[in-house]
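# Understanding the architecture of this molecule
Each chain is listed here by its residues.
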Amino acid sequence: MDKQIIEISSDNIFLSLNRGFLVIRNNTSYKEKVPLDNILSVILSANNTTISKNVINAITEQGANVIFCGKNYIPQSITIPCVDHWLIAPRIKKQLECSRPYKKNLWKCIVQFKIYNQAKILELLFPHHTNIIRLKQLAKNTLSNDSKNNEGIAASIYFKSIFGKSFTRDRSKKDINILLNYAYTVLRAMVIRAICGNGLLPYYGIKHCAQQNPFPLADDLMEPFRAFADKLVFEEINKLDNIQEIELTPDIKRRLASLTSMAVKATKGNISLNDAIFDFVGSLVKNFESKKVELKCPILDDH
């Protein structure tokens, strides 16, 4: 069974436990009952939600996380499950021992995967678009540490190609950006869970720094998968009449949360994106141990 993203978006909701279930109630009646071991993440986007320490502990003990959102569904804090595994100490040691040149080569690989997946999504949505070849060339020609900023160049080309020439990525806007914010929140939750589940430190990054960011490694490792979230957002905006002022309805959120079960092609066949991300982070662990750069990143299953 696919793991669920549980979002609490209405005020005055009470979360409690009952025999291995998360119970969701409002002031007057029963709302929902979800098995704890079937939860990937709990997103708290409402202003008034009652949740106890015991509930948070029960959720994180299952390897899930709790996300506390601010405005426009931007995460303000995320709980991190502690991994009870004898390999955690040596894995963290290998992570911390990575040299600067080695991390530069890892970042090159991550950026190449990101741009290639952007090209793949653009090709899927607009098969004859002239920018497909440009993106693939940028991916191929990316240098160590992305010293020529191919990531930024590709992002400008890619976003304007799929969302229109007037589009700008601005997390504070309530247009297409609000859908991207929500989809990326779901994606970030998956990546943080995979990082912790593989025994790595999410606050020690490869490229992103931790000065004002508690999860830089998550923001590094989610980059190749953003295009998958963009595809779902593209599908949603094509259903809307007005994309300048978008309301995140429960149906839209549910469809964006289906990102966790999106089918992708990995080395072991077609699997869910959630499982593929866990395997991707697992390949990073092996890279830290071998000092090689051989990340295993999935691609979209477009059949």
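Please refer to the structure placed before this passage.
From a predicted model like this one, the values you see are computed outputs, not experimental measurements.

## Considerations on the overall build of the chain
Regarding its fold elements, the chain presents 10 helices and 11 strands. Against the compact-globule benchmark of 19 Å for 303 residues, the chain has a radius of gyration of 19 Å, which places it among compact chains. A total of 303 residues make up the chain; the buried ones form 51% of that total. Across the chain, every contact between residues at least 6 apart in sequence was considered, and the portion connecting residues at least 24 apart equals 65%. For the chain, the exposed area adds up to about 14,700 Å²; of that, 49% sits on carbon and sulfur atoms. Counting 41 positive and 29 negative side-chain charges, the chain places the centres of these two groups 5 Å from one another.

## Things to note about the packing of aromatic side chains
If you walk through the whole model with that rule in mind, you get seven aromatic pairs. Taken together, a centroid distance of 5.5 Å and an interplanar angle of 45° make the contact between phenylalanine 159 and phenylalanine 167 tilted. A residue is classified by how much of its surface remains accessible, and phenylalanine 167, at 7% relative accessible area, is buried. Centre to centre, the rings of phenylalanine 225 and phenylalanine 280 are 5.2 Å apart; their planes meet at 85°, and the pair counts as edge-to-face. Of the two residues, phenylalanine 225 is situated in the loop between α7 (216-221) and α8 (226-237) and phenylalanine 280 in helix α10 (residues 273-290); the sequence distance between them amounts to 55 residues. Note on accessibility: phenylalanine 225 and phenylalanine 280 belong to one class, buried. Among the aromatic residues, those joined into a cluster by ring pairs are Tyr158, Phe159, Phe163 and Phe167. Between lysine 33 and the ring centre of phenylalanine 21, over which it is positioned, the NZ or CZ distance is 5.0 Å. Its end group placed over the ring of tyrosine 102, lysine 291 keeps NZ or CZ at 5.8 Å from the ring centre.

Criteria and cut-off values
- Residues numbered from 1 in each chain as written.
- Predicted model: local features only at pLDDT ≥ 70, side-chain atom pairs only at ≥ 80, totals over all residues.
- Heavy atoms only, no water.
- Helix = DSSP H or I, 4+ residues; strand = E, 2+ residues; numbered from the N terminus.
- Rg over C-alpha atoms; globule rule 2.2 N^0.38 Å.
- Buried < 20%, exposed > 50% of the residue type's maximum accessible area, 1.4 Å probe, protein only.
- Contact = heavy atoms within 4.5 Å.
- Areas by Shrake-Rupley, 256 points an atom, 1.4 Å probe, with all protein chains shown as cover.
- Lys, Arg positive; Asp, Glu negative; His and termini not counted.
- Charge placed at Lys NZ, Arg CZ, Asp CG, Glu CD.
- Phe/Tyr/Trp six-rings, centres within 6.5 Å; stacked < 30°, edge-to-face > 60°.
- Lys NZ or Arg CZ within 6 Å of the ring centre and 35° of its normal.

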